[in-house]
Amino acid sequence: MAALAFVVLMIAFRSLVLPLVSIGLNLLSVGAACGLVTLIFQDGHLQGPLGFTSYGAVSQWVPLFTFVLLFGLSMDYHVFILSRIRERWAAGASTTDAVIGGISVSAGVVTSAAVIMVAVFSIFATLSFIDVKMLGVGLAFAVLLDATIVRGILVPAAMALLGERCWYLPQRLRLPGLMFEDPDVDVMAA
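Residues numbered from 1 in each chain as written. Predicted model: local features only at pLDDT ≥ 70, side-chain atom pairs only at ≥ 80, totals over all residues. Heavy atoms only, no water.

(A) Inspection of a nonpolar patch on the surface at higher detail. A cluster of nonpolar side chains, namely Met 1, Leu 64 and Val 68, defines an oily patch on the protein surface of about 290 Å² accessible area. On the secondary structure map, Leu 64 appears in helix 4 (residues 61–90). For Leu 64, a relative accessible area of 58% translates into the label exposed. (Patch = residues over 30% accessible without salt bridge, like charges linked within 9 Å, V, L, I, M, F, W, Y side chains within 5 Å. Areas by Shrake-Rupley, 256 points an atom, 1.4 Å probe, with all protein chains shown as cover. Salt bridge = Lys/Arg side-chain N within 4 Å of Asp/Glu carboxyl O. Helix = DSSP H or I, 4+ residues; strand = E, 2+ residues; numbered from the N terminus. Buried < 20%, exposed > 50% of the residue type's maximum accessible area, 1.4 Å probe, protein only.)

(B) Quick peek at the nonpolar core. The biggest cluster of nonpolar side chains holds 34 residues, and the ones touching the most others in it are Leu 18, Leu 70, Ile 85, Val 143 and Met 159. Listed by contribution, the elements that provide at least two residues to this core are helix 1 (2–13), helix 2 (17–42), helix 4, helix 5 (95–124) and helix 6 (130–162). At 9 residues, the largest contribution of residues to this core is made by helix 6. One finds Ile 40, Ala 125, Ile 130 and Val 137 within the second-largest nonpolar core, a separate group that totals 10 residues. (Core = buried A, V, L, I, M, F, W, Y, C linked by side-chain atoms within 4.5 Å.)

(C) Spotlight on unusual backbone geometry. Backbone geometry at Arg 14 places phi at a positive 50 degrees, although glycine is not the residue there. Position of Arg 14 among the secondary structure elements: in the loop between helix 1 and helix 2.

And the structure:
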């Protein structure tokens, strides 16, 4: 799944660096969620407040399902944010200015989506079935972490540090005939 996401992001944003940063940060969110689920459900912390009795393990399907769901959800709004940033960069803004503009325009939508997802996943944590409870805790925590720390701090910081290198794509990887929002081409005139 990560390899496919890498190829799609590379083609969509014409960058070799952005897909690597994106996938790395997505894996950070998933890893943090799996760590929290292990801490709570395998090690038995917060049994009282969450209303469960630990059986000393995490259900086999929960980490995989968490990975798949989180990867898809976070890539969805990550592409939304990167699109707003790329639009500004393609219009001539510096990478730093494009990041500031793109993040500020998309912050409301991403925050609203994250609040809804965290609320829904938190409801799963109140259910009695422990596997669903694991899934709810992991997903709610990961979406909260992803929307705040990862998308709000780490993505802009990484892009600001990388500067114009964010948009690096070797000539041999450029695909002729594919035209995505090229600032030199007037699509309406064609």
